Amino acid sequence: MKRDMDQWTCELLKAPRKKAMPVLSFPSVQLLGITVRDLISDSGLQARGMKAVADRTPQAGASVSLMDLSVEAECFGAAVRVSDDEVPTVIRPVIFPEVEEEARMEQAEALSVPAVGAGRTQIYIDAIAQAVQMIEDRPVLAGVIGPFSLAGRLLDVTQSLIYCYEEPDMVHTVLKKCTEFLVQYIEAYRAAGANGVVIAEPLAGLLSPALAQEFSGDYCRHIIQAVRTEDFAVIYHNCGNTASLTLEGILACGANAYHFGNAVDMREILEKVPEDVVCMGNIDPAGEFRNGTPASIRTKTLELMEQCSGHPNFVISSGCDIPPLSPWENVDAFFAAVDEFYSR
């Protein structure tokens, strides 16, 4: 269903009672009785999973597709580990750290930008096309990786941080190709009917402010300027612990909303962000949703709501993607605590 997402953003800001917006997709495996391996390989299962989550969580403000940060890197040729219970991970880059610097630049220059639809990307695009036919009571958002986080997986995550200092031209060569692909990939999601996209850029959270701007912020801004429209929203996600230090550059990206991880203090973020900019976060997805209890997540949720709901631009969410085997009792307790807070 087509929506005015600029209006949706404004209404979200004005609403006295804001719907929670956790990044909740992979736990659908429990509702469908399938494995993560099954889910990532079948567009129909992904769409059914999104619908099952939407039906289970009528209080949620949006439906978010899989936050699988391996699918784009796999398109470029990176090796990926898949399991039944965990989110896929990249295990081998395409620019090899063991070769000489000159050879790495040659590999970067030779790197081809894959066609949208390569690897598993068509499965994910088709899933969104099906999901928007099933879910009509809220926006449907696709999920993609951010440019530096993608480049990091192609270069090796640890080495990419070093390359920013020692081989910046090579990193920029890879980043330009990542950015080109991501714009095309997001546009394919929009053509499939998505109301917007969540861009996950966690690796930028490990960079200094200056490096974060050069190797992430400028590229994110380019992507957002290319894809954001009145009827297509962009939510920027950064779960790094330096987000409060790089906040100026993050906000310059021009997204509809900004989503922060549990490594930062949401109160500190909200004190620095203008009240007309939506900020989401940040209940610990591993510590609470996966490994907590209904009682502990209720306590943490109420505590965060009490600390932050005085800010009109605060929307409670998970700090990042909720792990696949997180107990649904904890997810239910999170939503119940939000309802409890607003019922006081």
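Refer to the preceding data block for the structure.
What comes next is a walk through the structure.

What counts and how
Sequence positions are assigned chain by chain, starting from 1 and proceeding in written order. Thresholds applied to this predicted model are a pLDDT of at least 70 for local features of residues and 80 or more for the giving and counting of side-chain atom pairs; totals over whole chains, interfaces and linings are not thresholded and use all residues. Hydrogens are left out, water is left out, and the side-chain values use all remaining heavy atoms of the structure. Put simply, DSSP H or I for four residues or longer makes a helix, DSSP E for two residues or longer makes a strand, and each gets a number counted from the N terminus. All radius of gyration figures rest on C-alpha atoms, and the globule criterion is 2.2 Å times the number of residues raised to 0.38. Exposed residues in this analysis have more than 50% of their type's maximum accessible area, buried residues have under 20%, and partly exposed residues fall in between, with area computed by a 1.4 Å probe over protein chains only. Two residues qualify as a contact provided that any one of their heavy atoms is within 4.5 Å of a heavy atom in the partner residue. All accessibility values rest on the Shrake-Rupley procedure with a 1.4 Å probe; residue burial counts only the protein chains present in the view. His is not counted here, nor are the chain ends, while Lys and Arg score as positive and Asp and Glu score as negative. For charged residues, the charge sits on one atom: NZ in Lys, CZ in Arg, CG in Asp, CD in Glu. Working definition of a nonpolar core: buried Ala, Val, Leu, Ile, Met, Phe, Trp, Tyr and Cys residues. They are joined through side-chain atoms within 4.5 Å. The span you would expect from a helix comes to 1.5 Å times its residue count less one.

What follows deals with the overall build of the protein chain. Helices and strands together make up the secondary structure of the protein chain, namely 16 helices and nine strands. Over its C-alpha trace the protein chain gives a radius of gyration of 19 Å, about what one expects of a compact globule, namely 20 Å for 344 residues. Taken along the three principal axes of its C-alpha coordinates, the protein chain extends 65 × 40 × 40 Å. Taking all 344 residues of the protein chain together, 56% fall into the buried category. Contacts in the protein chain between residues far apart in sequence, at least 24 positions, make up 76% of those at least 6 positions apart. In the form shown here, the protein chain has an accessible surface area of approximately 13200 Å², with 49% of it arising from carbon and sulfur atoms. Between the averaged position of the 27 positive side-chain charges in the protein chain and that of its 47 negative side-chain charges there is a distance of 6 Å.

In terms of nonpolar packing, the biggest core is built from 122 residues, with L154, V174 and F260 touching the most fellow members. Sequence-distant contacts of L154, defined by excluding residues within four places in its chain, comprise A73, F76, A78, P93, V94, I95, L111, V174 and C178.

With that out of the way, let us pick up helix 16 (residues 328-343). Relative to the 22 Å expected for 16 residues at 1.5 Å per residue, helix 16 spans 22 Å between its end C-alpha atoms, a close match to the ideal helical length. For helix 16, the set of buried residues is W328, N330, V331, A333, F334, F335, A337, V338 and F341. Structurally, helix 16 contributes buried residues whose contacts are with helix 2 (28-32), helix 4 (43-56), strand 8 (278-283), helix 14 (285-290), helix 15 (294-308) and strand 9 (314-318).

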